[in-house]
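So the chains spell out like this:
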Amino acid sequence: MELVTVKQKRFADYLPFLDPPVREEIEELAARLQGKKVAMINATTFGGGVAEKLHSLVPLIKDLGIHLDWWVFEGSLEFYQVTKVLHNRLQGQEGSMTPQEVEIFDQYNRANAATMANWDYDLVVVHDPQPAALIHYRQDLGRTKWIWRCHIDTSTPNEECWDFICQYIRQYDATIFTMPDFVKEGSRLNRLTFITPSIDPLSRKNILLDPEEARKIVARFGVDTNRPLITQVSRFDPWKDPLGVIEAYKIVKKDFPSVQLALVGSMATDDPEGWDYLYYTLRRAGEDYDIKVVTNFNGISDLEVNAFQTASEILLQKSLREGFGLTVAEGLWKGTPVIGGKVGGIKLQIEDGVNGYLVETVEECADRVLNLLRNPSLLHDFAAAGKEKVRRHFLITINVLNYLRLFADLMPEGC
Ligand code: UDP
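Throughout what follows, the structure given in this document is the object of discussion. Nothing here was measured: the structure is a model prediction, and the numbers come from that model.

Conventions we followed
- Residues numbered from 1 in each chain as written.
- Predicted model: local features only at pLDDT ≥ 70, side-chain atom pairs only at ≥ 80, totals over all residues.
- Heavy atoms only, no water.
- Helix = DSSP H or I, 4+ residues; strand = E, 2+ residues; numbered from the N terminus.
- Expected span 1.5 Å × (residues − 1).
- Buried < 20%, exposed > 50% of the residue type's maximum accessible area, 1.4 Å probe, protein only.
- Phe/Tyr/Trp six-rings, centres within 6.5 Å; stacked < 30°, edge-to-face > 60°.
- Lys NZ or Arg CZ within 6 Å of the ring centre and 35° of its normal.
- Near = heavy atom within 4 Å.
- Polar contact = N/O pair within 3.5 Å; in protein donor to acceptor, adjacent residues only side chain to side chain.
- Areas by Shrake-Rupley, 256 points an atom, 1.4 Å probe, with all protein chains shown as cover.
- Nonpolar A, V, L, I, M, F, W, Y, C, P; charged D, E, K, R; others polar.
- Salt bridge = Lys/Arg side-chain N within 4 Å of Asp/Glu carboxyl O.
- Pairing = 2+ DSSP bridges.
- Axes fitted to C-alpha atoms, helices over the stretch in contact; angles between N-to-C directions.
- Contact = heavy atoms within 4.5 Å.

Turning to helix α14 (residues 396-410), a few remarks are in order. Over its 15 residues, α14 extends 21 Å from the first C-alpha to the last, a length consistent with the 21 Å expected when each residue adds 1.5 Å. Burial analysis of α14 places twelve of its 15 residues in the buried class, the great majority of the element. Within the sequence span of α14, burial applies to I396, T397, N399, V400, L401, N402, Y403, L404, L406, F407, A408 and L410.

Here it is as structure tokens:
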């Protein structure tokens, strides 16, 4: 496994976002955890929500004086093909793991676990299914506490794959899910904890951008800033439903011809399916030049994502399954209304009719977009409500608190 270098962040810079009791509790827990050694392990340093969260969470916890290393699991194309299939099935896709897939999954977990032979951490936090079997092949001295953090929507999993992953996650001392809906009853998991993910208000992606600057940035990608823009920021993935987004846009376009659509996506290193889905999306967009499909390969980075989220009239996150959907919190934080699929973690963030809309079909999505475009005063009300929701519940500082609470709980004083 490879150690990831993170940019430095100062907890003191986040104090303006904290209510005093939260600050006091964080400082107290951090003092109790001084000298403890923690490792976090996931499958990629770039693309998708987990990497996004760790780039903020890891440096902030480190700045509180806790020794924290972020390790990235070493896979290969064949491994990520298997784990993407496993991910899809845990989100409900049909099918069975073949013996060969099981063997590839185990083989990489065994090989990565072998590199942990001299590890001496108090706590190891493993993110998502890819490295979940590390615990089974662990070679530590037995004093380490292990936590598994699930970031995906396991509300209606393929039963066989749920049982497969459960044989590993039952071995953990604690498990974290985003919401109770994601845990099947009777799963017999240790110290089940619920923590919602969060966004970093001081990251390049979320610092408040001047709207004029945001418009200039999106104009570089061919957007006409005198016409309304709707955007979905997401990996190209069937669960994010980019094809459904294009269908909804086509319906809107008939009644509101000036509208433009941007599909902004990054290609994650652990998501080999992304390329296929990007091509399906491009084909569906066809020769409509009011649809912009842009990625990290043609200049999209954090600032550009921020600009699209700031300059759009409406953001979509029309997911069919969603672990949380950081893009929803990111959009709401910028005061842009979000229309999201009525699934998983999106339901925790969007209050239907208050800060956005929850939708179940392409037609409903189109209808809600048209309603917002025709009633600009609603955009304003939704914006204020959305921002406040994120400030109270989904900023990184609350996430730090929740992790420290669990760490302290697993390592009582004196241990
Ligand atoms: N993202 C990005 N560039 C893109 C597309 C997505 O940086 O072109 C980021 C997005 O801003 C968010 C993360 O990737 O921070 C996606 O997280 P989310 O929880 O929405 O979905 P996931 O990819 O984890 O399923």
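Time to look at the packing of aromatic side chains. Following the criterion strictly, the structure yields 21 aromatic pairs and no others. Taking the centre distance of 6.3 Å and the plane angle of 20 degrees together, the rings of F79 and F105 count as stacked. Pair noted here: F79 is in helix α3 (residues 77-90) and F105 is in helix α4 (residues 99-114), with a separation of 26 residues, a long-range link. Taking the relative accessible area as the measure of exposure, F79 reaches 0% and is therefore buried. With 5.2 Å between their ring centres and 55 degrees between their planes, W275 and F297 make a pair best called tilted. With a gap of 22 residues between them, W275 in helix α8 (residues 273-285) and F297 in the loop between β10 (291-295) and α9 (302-311) connect regions that are remote in the sequence. Residue classification places F297 among the exposed positions, given a relative accessible area of 58%. Members of the aromatic cluster, each reached through a chain of ring pairs, are F73, F79, Y80, F105, Y108, F164 and Y168. Sitting over the ring of Y357, R368 keeps its end group 4.2 Å from the ring centre. Above the face of the W333 ring, K387 is positioned so that its terminal group lies 4.0 Å from the ring centre.

The ligand sits among 17 residues. The nearest are G49, K205, R235, K240 and E330. K240 places a side-chain nitrogen or oxygen 2.7 Å from an oxygen atom of the ligand. Taking E330, its side chain carries an N or O atom lying 2.5 Å from an oxygen atom of the ligand. Look at the ligand: alone it shows 540 Å² of surface, and the protein chains cover 90% of it. Here the shell around the ligand gets three residues from one element, more than from any other, and that element is helix α10 (residues 326-333). Here the residues of the shell around the ligand are counted per class, giving five nonpolar, seven polar and five charged.

Summed over all chains, the structure comprises 28 salt bridges. For R227, the salt bridge identified is with D290, shortest N-O distance 3.0 Å. Remark: D290 occurs in the loop between α8 and β10 and R227 occurs in the loop between α6 (211-219) and β8 (229-233); sequence separation between them is 63 residues. Residue R227 is classed as partly exposed on the basis of its relative accessible area of 24%. Of the charged contacts in the structure, one is a salt bridge between D290 and K253, with a shortest N-O distance of 2.6 Å. Of this pair, D290 sits in the loop between α8 and β10 while K253 sits in helix α7 (residues 242-255); the two residues are 37 residues apart in sequence, bridging distant segments of the chain. A single burial state applies to D290 and to K253, both of which are buried. Several salt bridges converge on common partners, so that one network encompasses K84, R235, D237 and E273.

What follows concerns the sheet that holds strand β13 (residues 356-359). Reading across the sheet, the six strands line up as β10-β9-β8-β11-β12-β13 and stay open at both edges, with parallel pairing between neighbours. The sheet is open, and its two borders are formed by β10 and β13, each paired with just one other strand. Each strand of the sheet is rotated relative to its neighbour by a mean of 20 degrees, with strand direction disregarded. Judged from the three bridges that link them, strand β11 (residues 314-317) and strand β12 (residues 338-341) form a sheet pairing that is parallel. Looking at β12, one finds that Q317 is bridged to G340.

With that out of the way, let us pick up the sheet that holds strand β4 (residues 123-127). Taken in spatial order, the seven strands make up an open sheet running β1-β3-β2-β4-β5-β6-β7, and their pairing is mixed. Looking at strand neighbours, the two that pair on one side only are β1 (2-3) and β7 (192-194), the edges of this open sheet. Relative to strand β3 (residues 67-72), strand β2 (residues 37-42) runs parallel, the two sharing six bridges. Bridge pairing in β3 places N42 opposite V72. This element, helix α2 (residues 49-63), spans β2, β3 and β4 of the sheet and lies at about 155 degrees to β3.

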